[in-house]
Amino acid sequence: MPPKQKTKGQKEIYTGNQETLKFYAGVAFAPNVIYLIAYFVFLGSFSWSRWLGWIICGGSAIGGFMTMFASAQAKFSPTGQLLDAGLDLSMTEGMTEYIKDIVIFSSITLTLSLVSGYFMLLWFVIPSYAFYHLWINLLWPWIHGSDDAVDDAASGQGKKKSRVTKVIRR
């Protein structure tokens, strides 16, 4: 039996969330400001494809940050005592890791697109990765009816059935 993991207190989660939000605010907003300043001040022109790329990349970075901000909202009592720290943003598994990755990847893509507009095409890795996970974890098992195989493997029955079929075939 694996050792039990230590759980964090609400105050530790709250302070960790505040530090995480400060970091990701800079990651989400700084490339957007740099991108807009670079194009309006130095380059002077903005084509429709640049606008569209900025809306997609910048919007996904800021939207991801706003999602993190909304999920980490703390609840306080009328006396000011912390009741609930919100979702722990430092979890290693779960949706927060994907949101952090989207914010970072979108910000990097936006910054790289200052060099060449073709870097905006890198952003299409995100929906491709999402579709891949949707296909592997949901659509493929649903289409091919392999839900029983997943349940059998989880319960350990699949090994017993394969042993029985091997014995019968001999």
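Predicted, not measured: the structure shown is a model, and the values here were computed from it.

## Concerning the packing of aromatic side chains
For any two aromatic rings, the description comes down to two numbers: the centre-to-centre distance and the angle of the planes. Taken as a whole and assessed by the stated rule, the structure comprises 11 aromatic pairs. For the pair Trp 51 and Trp 54, a centre-to-centre distance of 5.8 Å together with 75 degrees between the ring planes defines the contact as edge-to-face. Of the two residues, Trp 51 and Trp 54 both sit in helix α2 (residues 48-71), three residues apart, roughly one turn of that helix. Following the ring pairs from residue to residue traces out a cluster consisting of Phe 29, Phe 65 and Phe 69.

## Points about a nonpolar patch on the surface
Together, Val 33, Ile 37, Phe 40, Val 41, Phe 42, Leu 43, Trp 51 and Ile 55 line one region of the surface with nonpolar side chains, adding up to about 840 Å² of accessible area. Contributions of two or more residues to the nonpolar patch are made by α1 (10-43) and α2. With six residues, the top contributor of residues to the nonpolar patch is α1. Following the sequence through the fold, Val 41 ends up in helix α1. The exposure class assigned to Val 41 is exposed, which follows from its relative accessible area of 58%.

## So, the pattern of salt bridges
On inspection of all chains with the given rule, the structure shows one salt bridge. Across the salt bridge formed by Lys 100 and Glu 97, the nearest N and O atoms sit 3.7 Å from each other. You can see Lys 100 and its partner Glu 97 sitting in helix α3 (residues 95-112), three residues apart, about one turn around the helix. Among the residues examined, Lys 100 registers a relative accessible area of 9% and is labelled buried. A residue is classified by how much of its surface remains accessible, and Glu 97, at 26% relative accessible area, is partly exposed.

## Regarding α2
For an α-helix, 3.6 residues make a turn, and residues three or four places apart therefore share a direction. Between the first and last C-alpha of α2 there are 33 Å, a value that for 24 residues agrees with the 34 Å anticipated at 1.5 Å per step. Within the span of α2, buried status applies to Arg 50, Gly 53, Cys 57, Gly 58, Ser 60, Ala 61, Gly 64, Phe 65 and Met 68. Residues of α2 that are buried sit in contact with α1 and α3.

The rules behind the values
- Residues numbered from 1 in each chain as written.
- Predicted model: local features only at pLDDT ≥ 70, side-chain atom pairs only at ≥ 80, totals over all residues.
- Heavy atoms only, no water.
- Phe/Tyr/Trp six-rings, centres within 6.5 Å; stacked < 30°, edge-to-face > 60°.
- Helix = DSSP H or I, 4+ residues; strand = E, 2+ residues; numbered from the N terminus.
- Patch = residues over 30% accessible without salt bridge, like charges linked within 9 Å, V, L, I, M, F, W, Y side chains within 5 Å.
- Areas by Shrake-Rupley, 256 points an atom, 1.4 Å probe, with all protein chains shown as cover.
- Salt bridge = Lys/Arg side-chain N within 4 Å of Asp/Glu carboxyl O.
- Buried < 20%, exposed > 50% of the residue type's maximum accessible area, 1.4 Å probe, protein only.
- Expected span 1.5 Å × (residues − 1).
- Contact = heavy atoms within 4.5 Å.

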